[in-house]
Amino acid sequence: MHRVDVDHERDTMEQPPPTATEQTQLERRKETFASKFALISSNLLLAYQSLGVVYGDLSTSPLYVYRSIFVGKLQNYQTSEAIFGAFSLIFWTITLIPLLKYVFIVLSADDNGEGGTFALYSLLCRHAKFSLLPNQQAADEELSAYKYGFSGQSTSCLPLKRFLEKHKKSRTVLLIVVLLGACMVIGDGVLTPAMSVISSMSGIQAATEHLSHGAVLLLSCIILVGLFALQHSGTHRVGFLFAPIVTIWLISIFLIGLYNTIFWNPKVVSALSPYYIIEFFKETGKDGWVSLGGVLLSIAGTEAMFADLGHFTATSMRLAFPFFVYPCLVVQYMGQAAFLSKNIDSIPNSFYNSVPESVYWPVFVIATLSAIVGSQAVITATFSIVKQCNALGCFPRVKIVHTSKHIKGQIYVPEINWILMILTLAVAVGFQDTTLIGNAYGIACMTVMFITTFLMALVIIFVWQRSIALATSFLLLFWLIEGVYLSSAFIKIPQGGWVSLVLSFAFLTIMFVWHYGIRKKYNFDLHNKVPLKWLLGLGPSLGIVRVPGIGLIYSELATGVPSIFSHFVTNLPAFHNVLVFVCVKSVPVPFVSPDERFLIGRICPRPYRMYRCIVRYGYKDIQRDDGNFEDLLIQSIAEFIQMEAVEPQLSSSESPSFDGRMAVISTRSVQSGSTLLVSEEDFGISNSIQSSKSLTLQSLRSAYDDENPQMRRRRVRFCLPENPSMDPAVRDELSDLIQAKEAGVAYIMGHSYVKARRSASFLKKLLIDIGYSFLRKNCRGPAVALNIPHISLIEVGMIYYV
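Residues numbered from 1 in each chain as written. Predicted model: local features only at pLDDT ≥ 70, side-chain atom pairs only at ≥ 80, totals over all residues. Heavy atoms only, no water.

**With respect to the overall build of the chain**
Put simply, the rule is: The helix count covers DSSP runs of H or I at least four residues long, the strand count covers runs of E at least two residues long, and both are numbered beginning at the N terminus. Here's how the labels work: a residue is buried when its accessible area is under 20% of the maximum for its type, exposed when over 50%, partly exposed in between, all with a 1.4 Å probe on protein chains only. When checking whether two residues touch, look at their non-hydrogen atoms; a contact exists if any pair is within 4.5 Å. Surface accessibility follows the Shrake-Rupley procedure with a 1.4 Å probe radius. Residue values consider only the protein chains on display as shielding.
Helices and strands together make up the secondary structure of the chain, namely 30 helices and 11 strands. Relative to its 802 residues, the chain shows a buried fraction of 54%. Nonlocal contacts in the chain, meaning residues at least 24 apart in sequence, comprise 84% of its contacts between residues at least 6 apart. By element, 62% of the accessible surface of the chain is carried by carbon and sulfur atoms, the whole surface being about 35,300 Å².

Here is the structure:
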């Protein structure tokens with residue numbers, strides 16, 4: 001026995017050290033563990049931050065749900081059994097829709113991390129030709145963010161896909177459905193602040209008997225005005241307060257609910273069984289069905305989980321809701337039901353009456369702050385919706401301010417902010433009752449969920465490439481549940497629900513009219529493009545004088561030469577030596593990498609010095625003037641010229657059109673290793689004005705720079721490096737480009753007027769001559785929206801008869 005122990009000790013001492021391979025494996029395990037730990041920590045942090053941004057609206061619903069259920073005809077059924085049934089309805093509603101549908105299914109249908117109805121529509125447009133604006137190009141499909149989703153192939157969806165692509169009316173209906181969902185979200189932005197703030201402020205009236213309802217309403221309006229007035233500072237400045245407030249609020253309502261359950265009626269736990277739902281409808285009948293409009297308020301704000309996905313991750317949402325928000329809400333509703341089962345008379349102010357007196361005022365303060373946070377979240381979501389609609393050509397041009405340097409999605413839209421404030425105050429003062437506002441609120445929330453279910457079914461078919469049977473099962477299951485709630489909400493249209501419909505119809509009309517006008521104008525340009533044979537027949541001089549300088553001709557047309565160019569040639573006696581047709585367009589992806597933003601090509605043969613530049617943005621990209629667009633454009637064209645000389649397929653003479661051959665020019669490669677040598681120095685007067693002999697133009701530029709100090713940029717000079725092996729034709733073209741840049745850059749746009757033809761129908765004349773014309777005159781001009789300096793802008797008027 002002693003010998004065995006000695007041998008074992010000797011073997012242990014003589015064990016060889018770990019080999020290099022073993023050390024490498026050990027290090028890899030450590031790195032893997034560290035990366036997993038960092039990922040878990042990041043998701044936990046995001047889950048905590050999501051509480052303040054996403055769940056503010058959903059978590060404040062206990063303030064008014066029971067009161068909204070037991071109003072109207074259900075006042076005759078205020079019994080403990082009915083209250084247990086109402087709680088069972090609330091529990092299963094929260095379980096089936098937010099937890100099952102959104103957390104486990106819908107959150108998987110993100111678009112490169114982005115969510116919302118427009119993300120679903122974007123995915124559908126990329127996997128099928130559903131877009132009504134025909135500006136898609138083959139090069140767009142090569143974007144890194146374009147091919148996203150499941151790679152499986154299914155032939156079962158091909159007949160349905162061909163049907164939708166072939167029939168324009170079906171694609172129009174799809175767009176209207178998406179716009180209706182967006183309009184309902186904007187309606188939420190009007191109704192949520194009024195509903196949440198008035199509900200939270202009712203606690204003052206409950207505790208202070210001498211305070212009148214008018215005084216409470218006045219205090220609510222003051223808070224609402226302050227809320228909208230603070231929007232210009234951006235959510236990033238006060239965002240650090242949001243998550244702690246909602247966290248404290250959720251913990252508070254959890255503890256209050258737990259206390260009420262134990263103290264008042266522990267038997268309420270049995271109401272988790274759906275048996276009580278059956279008994280509830282047996283007792284209440286049709287009146288119980290009508291009360292579902294109040295039950296659905298318990299899931300108001302659920303859509304924010306998907307709409308605000310871009311700020312967080314699906315994993316963080318799946319951590320925050322099931323493990324924290326969901327239990328807190330269930331226990332709070334359970335506690336309220338336990339309290340009300342023993343205090344039936346407290347239903348009109350159920351939440352505040354259920355709060356113990358010792359913690360009443362702290363809970364009131366937290367409730368008010370949480371209501372403000374919930375309102376802030378939906379207002380920010382409204383700004384994002386307007387931005388996305390604007391990018392897709394479905395909303396008039398408005399000023400969009402990027403309020404954060406670090407978070408792309410935090411924006412502020414001044415015009416929309418003040419319109420929302422006026423409408424919210426009008427709703428608050430006009431109704432003065434959360435029950436009536438809740439009726440409109442319920443219609444807006446449930447309609448958005450109903451539309452999301454429909455779009456999700458299409459995503460299952462076309463994007464995930466699953467069977468139509470699976471998509472139909474998903475659609476029927478959730479449409480059956482949501483349809484019951486929606487039908488109950490629509491019963492209350494005369495009792496305030498009409499507000500949601502009126503708001504949605506107004507915004508939907510604006511969106512559709514604007515998109516209709518944009519589409520008609522684009523189709524006119526598309527069908528009346530300038531023939532390249534005509535340009536080739538004019539020769540390199542285009543039949544006019546070519547003067548030094550670069551002319552940037554802005555057009556919405558992604559291919560071909562727009563008809564307005566012939567209007568320019570006819571009305572302008574001279575044109576610049578170098579012409580660049582610039583098209584700024586949105587593509588159906590959330591963000592476009594700067595490396596893929598510029599698409600450069602040539603129009604006509606080399607002696608014409610005519611180029612095309614397509615600047616691509618995603619529907620969530622912010623188009624900001626970084627001050628170096630001209631310089632990046634010149635460098636990108638120079639890179640294209642050099643690339644064209646090296647790669648014969650770009651300049652192949654087999655294609656007689658001299659158009660359509662485009663190349664992606666990476667801005668990083670342009671800045672790091674450009675074909676041109678770049679030198680920079682500070683300047684106060686633009687190149688084009690310094691090179692001019694006109695003292696008047698110099699003084700104008702000086703005055704312009706004094707008024708716009710943010711537009712003062714660094715002066716960039718280009719020169720050609722010494723390269724004896726460079727093709728002489730390429731060197732000459734690059735020299736002309738540099739000389740044209742030194743001579744100055746002019747921005748040329750068409751000041752277009754769109755009118756309906758005389759033979760058009762009355763409805764078309766109404767939409768174009770009145771609707772679209774009014775919106776175009778009262779929105780921001782295209783030059784302002786594209787950050788074009790007006791000192792260098794040339795506009796030529798043209799009338800489009802569509």
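From this point on, the discussion continues.
**Things to note about the sheet that holds strand E5 (residues 598–603)**
The line we're drawing: Two strands make a pair as long as DSSP finds a minimum of two bridges between them. Lines fitted to C-alpha atoms define the axes here, with helix axes fitted over just the stretch in contact, and angles between the N-to-C directions of these axes take values from 0 to 180 degrees.
Sheet architecture is open: 7 strands sit in the order E7-E5-E6-E4-E3-E10-E11, paired in mixed fashion. Two strands bound the open sheet, and with one partner strand each, they are strand E7 (662–665) and strand E11 (793–801). Each strand axis lies, on average, 30° off the axis of its neighbour in the sheet, ignoring direction. Both strand E3 (residues 545–554) and strand E4 (residues 574–587) contribute to a ladder of 8 bridges, which runs parallel. Paired with Val 545 across the bridge in E4 is Ala 574. Packing against the sheet, helix H24 (residues 629–646) makes contact with E3, E4, E5, strand E6 (610–618), E7 and strand E10 (745–755), and its axis sits at approximately 60° to E5.

**Some words on a nonpolar patch on the surface**
The criterion, for reference: Each patch is built from salt-bridge-free residues with over 30% relative accessible area, joining like charges within 9 Å and nonpolar side chains (Val, Leu, Ile, Met, Phe, Trp, Tyr) within 5 Å. In the sections that follow, a salt bridge refers to a side-chain nitrogen of Lys or Arg positioned within 4 Å of a carboxyl oxygen of Asp or Glu.
Residues Phe 762, Leu 763, Leu 766 and Ile 770 make up a contiguous nonpolar surface patch of about 450 Å² in total accessible area. Position of Ile 770 among the secondary structure elements: in helix H29 (residues 762–777).

**Things to note about the environment of Gly 744**
Position of Gly 744 relative to the elements: it lies in the loop between helix H28 (728–743) and E10. The class for Gly 744 is buried, based on a relative accessible area of 7%. Distance from Gly 744 to Pro 548, taken between C-alpha atoms, is 7.9 Å for residues 196 residues apart in sequence.

**A short note on the packing of helix H5 (residues 80–104) against helix H15 (residues 314–342)**
A pair of packed helices is characterised by two quantities: the angle between their axes and the separation of those axes. Counted only if it meets this: For classification, angles of less than 35 degrees are called roughly parallel, those exceeding 145 degrees roughly antiparallel, those between 65 and 115 degrees roughly perpendicular, and all remaining angles oblique. Under the convention adopted here, Pro, Cys and the residues Ala, Val, Leu, Ile, Met, Phe, Trp and Tyr are nonpolar, Asp, Glu, Lys and Arg are charged, and Gly plus all remaining residues are polar.
Contact geometry for H5 and H15: axes closest at 9 Å, N-to-C directions at 170°. One way to sum up the angle between H5 and H15 is to call them roughly antiparallel. Where H5 abuts H15, its residues Ser 80, Ile 83, Phe 84, Phe 87, Ile 90, Phe 91, Ile 94, Thr 95, Pro 98, Leu 99, Val 103 and Phe 104 lie against Arg 318, Phe 321, Pro 322, Tyr 326, Val 330, Tyr 333, Met 334, Ala 337, Leu 340 and Ser 341. Looking at side-chain class alone, the contact of H5 with H15 contains 18 nonpolar, 3 polar and 1 charged residues.

**A short note on the environment of Ala 145**
Of note, Ala 145 is situated in the loop between helix H6 (117–127) and helix H7 (158–166). For Ala 145 and Ser 593, which are 448 residues apart along the polypeptide, the C-alpha to C-alpha distance reads 8.5 Å. Contact partners of Ala 145, with chain neighbours within four places excluded, come to Asn 112, Arg 126, Val 589 and Phe 591.

**Examining the packing of aromatic side chains**
Put simply, the test is: When the centres of two rings from Phe, Tyr and Trp lie within 6.5 Å, Trp using its six-membered ring, the rings pair. Their planes under 30 degrees apart give stacked, over 60 give edge-to-face, and anything left gives tilted.
Applying the stated criterion across every chain, the model contains 29 aromatic pairs. Where Phe 280 meets Phe 281, the ring centres are 5.4 Å apart and the plane angle is 80°; that geometry is what we call edge-to-face. Using a relative accessible area of 1% as the deciding quantity, one classes Phe 280 as buried. The interplanar angle of 40° and the centroid separation of 5.2 Å between the aromatic rings of Trp 514 and Tyr 772 together place this pair among those described as tilted.

**What to know about the confidence of the model for the chain**
The following threshold applies: pLDDT measures how confident the predictor is about each residue, on a scale from 0 to 100.
Averaged over every residue, the pLDDT of the chain is 82; residues scoring 70 or more account for 83%. Ranking the elements of the chain by mean pLDDT puts helix H26 (residues 687–690) last, at 42, and H5 first, at 94. Contacts of residues 652–657 to residues separated by more than four positions or lying in other chains number 3 contacts, the stretch itself having pLDDT below 50. In the model, residues 683–693 has pLDDT below 50 throughout and makes 26 contacts with residues more than four positions away in sequence or in other chains.

**Some thoughts on helix H11 (residues 275–284)**
Here is the rule: It is the directions from the helix axis to the C-beta atoms that the arc portrays.
Within the sequence span of H11, burial applies to Ile 277, Phe 280 and Thr 284. Seen from one end, H11 has its buried residues packed into an arc of 60°, which puts them on one side. Immediately beyond the C-terminal end of H11, within one or two residues, lies Gly 285, with a positive phi of roughly 60°.

**Quick notes on the side chain of Thr 95**
Following the sequence through the fold, Thr 95 ends up in helix H5. A residue is classified by how much of its surface remains accessible, and Thr 95, at 14% relative accessible area, is buried. Beyond its immediate sequence surroundings of up to four residues, Thr 95 is in contact with Leu 100 and Tyr 326.

**A short note on unusual backbone geometry**
Of note in the backbone geometry, Cys 604 takes a positive phi value of approximately 70° without being a glycine. Of note, Arg 609 is a non-glycine position whose phi angle comes to about 55°, a positive value.

**Structural notes on H24**
To keep things clear, this is the line we draw: Multiplying 1.5 Å by the residue count of a helix minus one yields the expected span of that helix.
In this model H24 runs 26 Å from its N-terminal to its C-terminal C-alpha over 18 residues, within 8% of the 26 Å that 1.5 Å per residue would give. Among the 18 residues that make up H24, 13 are buried, leaving the element largely enclosed by the rest of the structure.

**Here's the deal with the pattern of salt bridges**
Evaluation of the coordinates by the stated rule reveals 13 salt bridges. The partner of Glu 733 in a salt bridge is Arg 602, with the nearest N and O atoms 2.8 Å apart. Residue Glu 733 is located in helix H28, and its partner Arg 602 is located in strand E5; the two are separated by 131 residues in the primary sequence. Note on accessibility: Glu 733 and Arg 602 belong to one class, buried. Across the pair Arg 606 and Glu 644 runs a salt bridge whose closest N-O atoms are separated by 3.7 Å. In this pair, Arg 606 is assigned in the loop between E5 and E6 and Glu 644 in helix H24, connecting sequence segments 38 residues apart. A single network of salt bridges, built from pairs that share partners, joins Arg 602, Arg 606, Glu 644 and Glu 733.

**A look at the packing of helix H9 (residues 213–229) against helix H17 (residues 360–391)**
Rules: Left-handed describes a crossing whose near helix is turned anticlockwise from the far helix through less than a right angle; right-handed describes the clockwise counterpart.
The N-to-C vectors of H9 and H17 enclose an angle of 45°; their axes lie 11 Å apart at closest approach. As the angle between them shows, H9 and H17 are arranged oblique. At the point where H9 passes H17, the crossing takes the right-handed sense. Here H9 contributes Ile 223, Leu 227 and Phe 228 to the contact with H17, which in turn contributes Thr 368, Ile 372, Ser 375, Gln 376 and Ile 379.

**With respect to the nonpolar core**
Rule in force here: Buried Ala, Val, Leu, Ile, Met, Phe, Trp, Tyr and Cys residues that are joined via side-chain atoms within 4.5 Å together make up what is termed a nonpolar core.
Tyr 55, Tyr 66, Phe 70, Phe 87 and Phe 321 are the most contacted members of the largest nonpolar core, which totals 164 residues. Each residue touching Phe 70, except ones within four places of it in the same chain, is listed here: Gln 75, Tyr 77, Gln 78, Ala 82, Ile 83, Ala 86 and Ile 347. Of all hydrophobic cores here, the second largest spans 45 residues; its members include Val 530, Leu 579, Ile 614 and Val 754.

**Quick word on the environment of Ser 773**
Within the fold, Ser 773 resides in helix H29. Between the C-alpha atom of Ser 773 and that of Val 754, which follows or precedes it by 19 residues, the distance is 7.3 Å.

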